[in-house]
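Descriptive structure summary
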Amino acid sequence: MARINYVELAVGDVATAKAFYEAAFGWSLAEFGPSYAATTTGDVDLGLQGDPAEVPPAPLAVIEVSGLDDWPDRVIAAGGSVVRPIFAFPGGRRFHFRDPAGNELAIVEPSH
């Protein structure tokens with residue numbers, strides 16, 4: 001089964017964005033270094049990406065799956081293209097792809 005479990009937003013200042021979401025919505029965001037913060041509810045979470053080298057061009061929907069290694073081939077077979085190969089990060093492993101309309105999304109297998 002696959003489901004959207006995360007949305008990543010580009011932010012210029014992580015501390016300011018973190019303060020906004022905490023004040024406006026009462027959310028608690030964990031800091032993962034100086035350029036990243038995220039909610040960690042385990043439902044649909046929000047990530048704030050402040051590293052200019054890692055900022056997606058638009059909000060990045062992240063789809064959770066199991067068996068990550070099989071998914072790049074599935075995406076390509078369905079007409080998408082991989083734009084960033086599988087890589088590890090503190091929450092697990094993921095890769096980025098473009099759908100046929102040009103939207104960039106990511107597929108993640110969280111570490112549990």
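Residues numbered from 1 in each chain as written. Predicted model: local features only at pLDDT ≥ 70, side-chain atom pairs only at ≥ 80, totals over all residues. Heavy atoms only, no water.

**Quick look at the overall build of the protein**
Which entries qualify depends on this criterion: Helix numbering and strand numbering both begin at the N terminus, where a helix is a DSSP run of H or I of at least 4 residues and a strand a DSSP run of E of at least 2. Radius of gyration here is computed from C-alpha atoms only, and the compact-globule reference equals 2.2 Å multiplied by the residue count raised to the power 0.38. When a residue's accessible area, from a 1.4 Å probe over protein chains only, is under 20% of the maximum for its type it is buried; when over 50% it is exposed; and in between it is partly exposed. Two residues qualify as a contact provided that any one of their heavy atoms is within 4.5 Å of a heavy atom in the partner residue. Shrake-Rupley sampling with a 1.4 Å probe provides the accessible areas, and residues are treated as covered by the protein chains on show and by no other component. By the counting rule applied here, Lys and Arg register as positive and Asp and Glu as negative, while His and the ends of each chain are not counted. In this description, the location of a charge corresponds to atom NZ of lysine, CZ of arginine, CG of aspartate or CD of glutamate.
Along the backbone of the protein there are 2 helices and 8 strands. Its C-alpha radius of gyration of 14 Å places the protein within 12% of the 13 Å reference for a compact globule of 112 residues. With the principal axes as the frame, the protein shows a C-alpha extent of 45 × 30 × 20 Å. When the 112 residues of the protein are sorted by exposure, 39% land in the buried category. By sequence separation, contacts in the protein at least 24 residues apart represent 49% of the contacts at least 6 residues apart. Carbon and sulfur atoms form 57% of the exposed surface of the protein, whose accessible area is close to 6,400 Å². The distance from the centre of the 7 positive side-chain charges to the centre of the 15 negative ones in the protein is 3 Å.

**Overview of the packing of aromatic side chains**
As a reminder, the rule being used: Any Phe, Tyr or Trp ring, taking Trp's six-membered ring, that has another such ring centre within 6.5 Å forms a pair; planes under 30 degrees apart are called stacked, those over 60 apart edge-to-face, and the others tilted. Placement of a charge over a ring requires the Lys NZ or Arg CZ to be within 6 Å of the ring centre, with the centre-to-atom vector within 35 degrees of the ring normal.
Enumeration according to the criterion identifies 7 aromatic pairs in this entry. With a centroid separation of 6.3 Å and an interplanar angle of 50°, the aromatic rings of Phe87 and Phe89 are classed as tilted. Seen in terms of ring centroids, Phe95 and Phe97 are 6.2 Å apart; in terms of plane orientation they differ by 45°. Their pairing is tilted. Counting every residue linked through ring pairs, the aromatic cluster contains Phe20, Tyr21, Phe25 and Trp27. Lying over the aromatic face of Trp71, Arg74 brings its terminal NZ or CZ to 3.9 Å of the ring centre.

**Observations concerning the sheet that holds strand S2 (residues 30-31)**
Filter applied, for reference: A pair of strands is treated as paired once DSSP finds two or more bridges between them. Axes here mean lines fitted to C-alpha atoms, for a helix over just the part in contact, with angles spanning 0 to 180 degrees between N-to-C directions.
Sheet architecture is open: 8 strands sit in the order S2-S3-S4-S1-S5-S8-S7-S6, paired in mixed fashion. What marks the edges here is a single partner per strand, and that holds for S2 and strand S6 (81-89). Across the sheet, helix H1 (residues 14-25) touches strand S1 (3-10), S2, strand S3 (36-38) and strand S4 (45-49), and the angle it forms with S4 is around 155°.

**Some words on the confidence of the model for the protein**
The cut-off we apply is this: Values of pLDDT, which run from 0 to 100, indicate the predictor's confidence residue by residue.
Taken over all residues, the pLDDT of the protein has a mean of 91, while the share at 70 or more is 100%. The weakest mean pLDDT in the protein belongs to H1 at 89; the strongest belongs to S6 at 96.

**Points about H1**
What counts here: A helix is expected to reach a length of 1.5 Å times the quantity of its residues less one. Throughout this description, a polar contact denotes any pair of N or O atoms lying within 3.5 Å of each other; where both atoms belong to protein, one of them has to be capable of donating a hydrogen while the other can accept it, and for residues adjacent in sequence the pair is counted only when both atoms sit in side chains.
Across its 12 residues, H1 extends 16 Å between first and last C-alpha, which sits within 8% of the 16 Å expected from 1.5 Å per residue. The elements touched by buried residues of H1 are S1, S2, S3 and S4. Sitting at the head of H1, Asp13 places a side-chain oxygen 3.0 Å from the backbone nitrogen of Ala15. Downstream of H1 by one or two residues, Gly26 has phi in the positive range, about 75°.

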